[in-house]
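Breakdown of the fold
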Amino acid sequence: MKLLIVGGYGTFGGRIVQLLENEPRLELIIAGRSLAKAAAYCRGRGDTKARLVPAVFDRDGDLAAQLADMRPDIVVDASGPFQAYGEGRYRLIEACIDARIHYLDLADGSEFVAGVSAFDAAARAAGVMVLSGVSSFPVLTAAVVRRLSAGMARIDTIRGGIAPSPFAGVGENVIRAIASYAGRPVRLVRGGKPAKGYPLTEQMRYTIAPPGRVPVRNTLFSLVDVPDLRALQALWPEAKTIWMGAGPVPEVLHGALIGLAWLVRIGLIRSLSPLASLMHWATNRRSWGEHRGGMFVAVEGADEAGRPIKRSWHLLAEGDDGPLIPSMAVEAILRKALAGRMPAPGARAAVHDVELEDYEALFAGKTIHAGFRDDTDKAKALYPDLLGDAWTDLPAEIRAMHEGAALAQGRASVERGGGMLSRLAARLIGFPSAGTDIPVKVRFDIGADGETWTRTFGAHRFSSRQFAGRGRSQRLLCERFGPLTFAMALVVDENRLRLALRRWSFLGLPLPMWLCPRSNAYETVEDGRFRFHVEISHPAAGLIVRYRGWLVPSQGSSTVGSPAVAPSSRQPEAVHSVQP
């Protein structure tokens, strides 16, 4: 199969090549206006199973002649920005239909994708597929909403957002597209009525938290002009509000972009397009933070009885795998075509042509993790609520220690640091003295707003308060020891439960992570018994405390919770576990 990728050596085109170059049945024509750049890109890919051919392609030139010369089976337009194509925006689509060549694009503009349906009759007559918006927005969002809405009688609200890694590398055409629409009105549905939105001037905060994983830091999302604003409305016309955002980081640069978009909205400047080059430079040269990104889709609706339902889907991508996701819809469709399952002829947004299971097969083998959460307002235990569908992945013995208020007893050994600072820190928190084979008792008092954990090591007793985080600590377990509060992620690591410290504060004032203690702590199961291991230290104090032991539910307990220690971090992304 011969595939012509327009913009093949650009950001998105290059990622399509990266995803498909291991397929020996493909010939990939890497095309753009510069033959030298196309050839250099092909050489840079090294040995590939697919055949890579550099070529010149000018979308403003004689398209019929160029297509006749190259004779591709499928054309993928990965160039853009689609918002800037002008009056002849659909010339390539028309040329492909005339030549009976299948067509895909990664268009991210709502108007462009909505207008493709005008070519449906011609595409059907020619027997070719013309699929537009073949990217995360709207293909992946539509697939996720279908899964989330299972069992719902209606959908009221759809919200979603993408938070790219600051090191993802953003193409200049993407920045040009954003600059072209920032602060300018776009059509959407809000409150059950057609409305206008103003991209980059409307915000929301959200924490992307795949169950059992360290979440992406709480992110500021701004409204963006993407095909979902119309495509999802066509699929779920009963939806009263559809909102899609992007959460670029560092947040200080995002804030500057918001300010500039407001200048457009209030009419002080016409467009940010003249600043596109500067925006591109700042985005790719001024980057810091975690090399991880994510995506969320949240749906609210009701069942047949009218009872409200709230569900969300969360995706986390570590390192360099995240930037591949927008191109995976193209990969999924092409691999289906190679398997003899070519999408049906016609021109449309590609919202029905890829399902979530197609994505999940492509995620496998990459550091991409996704999961679901039931956010419906109903009484849930603290740990099951925070862990979502990862809760059932834990061993039964650990789950039994986190379900309700009761009592657990066991034995432990304790080591203490000998330095003055470490002794002072241990005394302030209330850690027990050193000893071996110490009897341990943990009592749990659960209320509507959290849990109080009282631990007794021998004759020594101390306690803390645990509760679900809010605001920037959303999806995190917060634990308060006097004036100190620690916000931690519950992480399922095979048969272990560990905690990763994400934030901490003193009397509500956020503190820098480099000041926080370090910890290596986890809960696990050995020989059918719940066991814990905790080691807490600080660079300035050395070892503060190390203790390990076992617990079992007391006779007569209906359910048993799990004890806690003072939170700490091994590094700015520290591992910590709640233990006795």
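The structure under discussion appears in the preceding block.
Attention in this report is confined to the structure presented alongside it.

The rules behind the values
- Residues numbered from 1 in each chain as written.
- Predicted model: local features only at pLDDT ≥ 70, side-chain atom pairs only at ≥ 80, totals over all residues.
- Heavy atoms only, no water.
- Phe/Tyr/Trp six-rings, centres within 6.5 Å; stacked < 30°, edge-to-face > 60°.
- Helix = DSSP H or I, 4+ residues; strand = E, 2+ residues; numbered from the N terminus.
- Buried < 20%, exposed > 50% of the residue type's maximum accessible area, 1.4 Å probe, protein only.
- Lys NZ or Arg CZ within 6 Å of the ring centre and 35° of its normal.
- Patch = residues over 30% accessible without salt bridge, like charges linked within 9 Å, V, L, I, M, F, W, Y side chains within 5 Å.
- Areas by Shrake-Rupley, 256 points an atom, 1.4 Å probe, with all protein chains shown as cover.
- Salt bridge = Lys/Arg side-chain N within 4 Å of Asp/Glu carboxyl O.
- Pairing = 2+ DSSP bridges.
- Axes fitted to C-alpha atoms, helices over the stretch in contact; angles between N-to-C directions.
- 1 Å grid on protein atoms, 1.4 Å probe; cavity = no way out; pocket = protein on both sides within 12 Å on 5 of 7 lines; lining within 4 Å.
- Points joined across faces, edges and corners; volume = space filled by probe spheres on them.
- Nonpolar A, V, L, I, M, F, W, Y, C, P; charged D, E, K, R; others polar.
- Contact = heavy atoms within 4.5 Å.

Time to look at the packing of aromatic side chains. In total, this model carries 15 aromatic pairs according to the counting rule given. Seen in terms of ring centroids, F431 and Y547 are 6.3 Å apart; in terms of plane orientation they differ by 55°. Their pairing is tilted. Here F431 is found in the loop between α16 (420-429) and β18 (435-447), whereas its partner Y547 is found in strand β27 (residues 542-553), with 116 residues between them in sequence. For F431, a relative accessible area of 5% corresponds to the buried category. Overall, Y547 belongs to the buried group, its relative accessible area being 0%. Taken together, the ring pairs in this structure connect F431, F457, F462, F532 and Y547 into an aromatic cluster. Across from the ring centre of F12, 5.7 Å away, lies the NZ or CZ of R15, which sits over that ring.

Cis geometry marks the peptide bond from F137 to P138; its omega dihedral reads 10°. Inspection of the secondary structure assignment puts P138 in helix α7 (residues 136-148). With an omega of 5°, the peptide bond between V249 and P250 qualifies as cis. Relative to the elements of secondary structure, P250 occurs in the loop between β12 (241-246) and α10 (251-265). Positive phi values are uncommon outside glycine, yet R100 reaches one of about 60°. Tracing the sequence through the fold places R100 in the loop between α4 (91-98) and β5 (102-105). When its relative accessible area of 55% is taken as the criterion, R100 is described as exposed.

Among the surface-exposed residues, W262, L263, I266, L268 and I269 lie close enough to one another that they form a single nonpolar patch of about 450 Å² accessible area. Here L268 shows up in the loop between α10 and α11 (276-285).

Pairing between the strands of a sheet comes from backbone hydrogen bonds, and it takes one of two forms, parallel or antiparallel. Sheet architecture is open: seven strands sit in the order β3-β2-β1-β4-β5-β6-β15, paired in parallel fashion. The sheet terminates laterally at β3 (51-56) and β15 (346-349), the two strands that pair on one side only. Averaged over all neighbouring strand pairs, the angle between strand axes comes to 15°, with direction disregarded. The pairing of strand β4 (residues 74-77) with β5 spans four bridges and is parallel. Note that in β5 the partner of I74 across the bridge is H102.

Taken as a whole and judged by the stated rule, the model has one cavity of 30 Å³ or more. Empty space within the largest cavity amounts to approximately 50 Å³. Around the largest cavity sit G212, R213, P215, R373, L386, R475, A489 and L490, which together line it. In terms of residue class, the lining of the largest cavity is made up of four nonpolar, one polar and three charged.

Buried within helix α9 (residues 228-235) are the following residues: D228, L229, R230, A231 and L232. Packed against the buried residues of α9 are α5 (110-115), α7, β7 (154-163), β8 (186-190), β11 (219-223) and β12.

Moving on: helix α1 (residues 11-20). Counting buried positions along α1 gives seven out of 10 residues, so the element sits mostly inside the fold. Every buried residue of α1 is accounted for by G13, G14, R15, I16, V17, L19 and L20. Those residues of α1 that are buried lie in contact with β1 (2-6), β2 (27-32), α2 (35-44), β3, β4 and α12 (328-338).

The mixed open sheet is built from seven strands, whose spatial order is β10-β11-β12-β7-β13-β14-β16. The sheet terminates laterally at β10 (203-206) and β16 (368-374), the two strands that pair on one side only. Taken pair by pair, the neighbouring strands of this sheet meet at an average axis angle of 20°, ignoring direction. Relative to β16, strand β14 (residues 308-318) is paired through seven bridges, and the arrangement is antiparallel. Along β16, the bridge assignment pairs S312 with R373. Those strands touched by α9 are β7, β11 and β12, and its axis lies near 145° from that of β12.

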